[in-house]
Amino acid sequence: MSNNLLDKGKDHDPTKSWVIVGNGFIAKKHKEAIYQIGHKLLAVCDYDKEKSSLEAPLFLNWKDMMDSAYFRDSIDNVAICTPSFLHYKMARDFARAGKRVLCEKPLTLSSREAEILPANIFTVLQLRHHPKVKELKTRDFSKVKKVEMRIVVKRDEEYWNSWKGKELYSGGILFNIGIHYFDLLIYLFGENYEITYCECSKEAAEGKIVFDKRIEVQFLLLIQKLEEGQKRELAIENESINFSSKNNLAEENLHIKVYQDFIENKGITPVEAAKSIKLVEKLWETSQL
């Protein structure tokens, strides 16, 4: 770690100071949001030296970083943007060290792990902040019986060759692509549901979930190589609601809303995040029957 980093942190309010752990694609959205809320990014942590930057010099090992006096004394907030299988252990250890933690989705790959994490951890499920979701949240669904959810995204060979394409690290399509949308279903329709069926492969998942013994949600998650045909769509009684046709939901620039919640000590807690994680677990179990 450079001496410039030590000098940079001397006069900063630690409650407004951040480190980002995992300096990949999604970290860019976190950096933008940190600056937009008037906070400071003082460091990044990534094993890859090529991902260092002048604005935030690099720790190469997160455990070494935790042992440093600089981390202990100058930084209050940690954004976790690492592969999903690392989220639980990192969030747990950073929280135990007294830091406030914002972790990318999914918070964990196990509902049991999510449920035992402390309350100074929040997770990123930014679709809840989408203007169309906010409007849907005000609706009365008491007469709704039929819903279709179609999530079709483009991913190239780089995706499959990275940790995201490896089920052990990402949780597979139900977690890495689906968690936003399963969280949305619970957010809108509640926790009383029954899974009718689920079929799952590396590139696709489909099934039916019945909420409140009445609302039949037919869903499709599909990863394709084509640019054309991408959609993130919910059809409620044939009314189509398109959340995005872009390559990645992060392009909707909703992370700033997540960060605004975070600094107000609001947001999605581990207990709340566990609800959609549990649904994904049940979908996976059903697909294996």
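Draft legend 1. View of the environment of L58. Examined against the element boundaries, L58 turns out to sit in strand β3 (residues 58-59). Counting along the chain gives 15 residues from L58 to A43, while the straight-line C-alpha distance between them is 6.0 Å.

Draft legend 2. Region of the structure containing the sheet that holds strand β7 (residues 146-154). Strand order in the open sheet made by the six strands is β8-β9-β10-β7-β11-β12, with mixed pairing throughout. Each edge of the open sheet carries a strand with a single partner, namely β8 (193-200) and β12 (239-244). Ignoring strand direction, the axes of neighbouring strands in this sheet form an average angle of 15°. Looking at chain direction, strand β11 (residues 231-236) and β12 are connected through five bridges and run antiparallel. Bridge pairing links E233 to N242 in β12. Helix α13 (residues 270-287) contacts β8, β9 (204-211) and β10 (215-224) of the sheet and is inclined by roughly 55° relative to β8.

Draft legend 3. Spotlight on the pairing of strand β1 (residues 17-21). Among the five residues in β1, five count as buried, and that is most of the element. Neither face of β1 is open: one carries S17, V19 and V21, the other W18 and I20, and all of them are buried. The pairing of β1 with strand β2 (residues 40-45) spans five bridges and is classified as parallel. By the bridge assignment, I20 is partnered in β2 with V44. At this point the chain moves from β1, through helix α2 (residues 27-36), to the parallel β2, and the crossover so formed is right-handed. Two elements, β1 and strand β4 (residues 77-80), share four bridges in a ladder whose sense is parallel. In the sheet register, W18 faces β4, and the bridge partner there is N77.

Draft legend 4. Structural detail: the sheet that holds β3. In spatial order, the strands read β3-β2-β1-β4-β5-β6; together these six strands make up an open sheet with parallel pairing. Sheet topology places β3 and β6 (121-123) at the edges, where each strand pairs with a single neighbour. Packed on one face of the sheet, helix α5 (residues 87-96) meets β1, β4, β5 (100-103) and β6 and runs near 180° to β4.

Draft legend 5. Local environment of the packing of α2 against helix α12 (residues 255-263). Interaxial distance between α2 and α12 falls to 9 Å at its minimum, and their mutual angle equals 50°. Classified by the angle their axes make, α2 and α12 are oblique. The interaxial crossing formed by α2 with α12 has right-handed handedness. Of α12, the residues touching α2 (which contributes K29, H30, A33, I34 and Q36) are H255, I256 and Y259.

Draft legend 6. Layout of the nonpolar core. Counting residues in each nonpolar core, the largest one holds 70 residues, and the members touching the most others are F94, F182, I209 and L234. Among the elements that make up this core, the one with the highest residue count is helix α11 (residues 179-189) (eight residues). Apart from the residues within four sequence positions on either side, L234 is in contact with L136, V147, E148, M149, L184, L185, L188, E239, S240, I241 and F243. Ranked by size, the runner-up nonpolar core spans 19 residues in total, among them I34, V44, C81 and V124.

Draft legend 7. Region of interest: the pattern of salt bridges. Summed over the entire model, instances satisfying the criterion amount to 19 salt bridges. Taking the shortest distance from any N to any O, the salt bridge between R139 and E135 comes out at 3.2 Å. Judged by relative accessible area, which is 29%, R139 ranks as partly exposed. Measuring nitrogen to oxygen at the nearest pair gives 4.0 Å for the salt bridge that ties K266 to D261. The exposure class assigned to K266 is partly exposed, which follows from its relative accessible area of 43%. A single salt-bridge network, built from bridges that share partners, covers R128, D183, E191, E272 and K275.

Rules used in this analysis
- Residues numbered from 1 in each chain as written.
- Predicted model: local features only at pLDDT ≥ 70, side-chain atom pairs only at ≥ 80, totals over all residues.
- Heavy atoms only, no water.
- Helix = DSSP H or I, 4+ residues; strand = E, 2+ residues; numbered from the N terminus.
- Pairing = 2+ DSSP bridges.
- Axes fitted to C-alpha atoms, helices over the stretch in contact; angles between N-to-C directions.
- Contact = heavy atoms within 4.5 Å.
- Buried < 20%, exposed > 50% of the residue type's maximum accessible area, 1.4 Å probe, protein only.
- Right-handed = clockwise from strand over helix to strand, strands pointing away.
- Parallel < 35°, antiparallel > 145°, perpendicular 65-115°, else oblique.
- Left-handed = near helix turned anticlockwise from the far one by under 90°.
- Core = buried A, V, L, I, M, F, W, Y, C linked by side-chain atoms within 4.5 Å.
- Salt bridge = Lys/Arg side-chain N within 4 Å of Asp/Glu carboxyl O.

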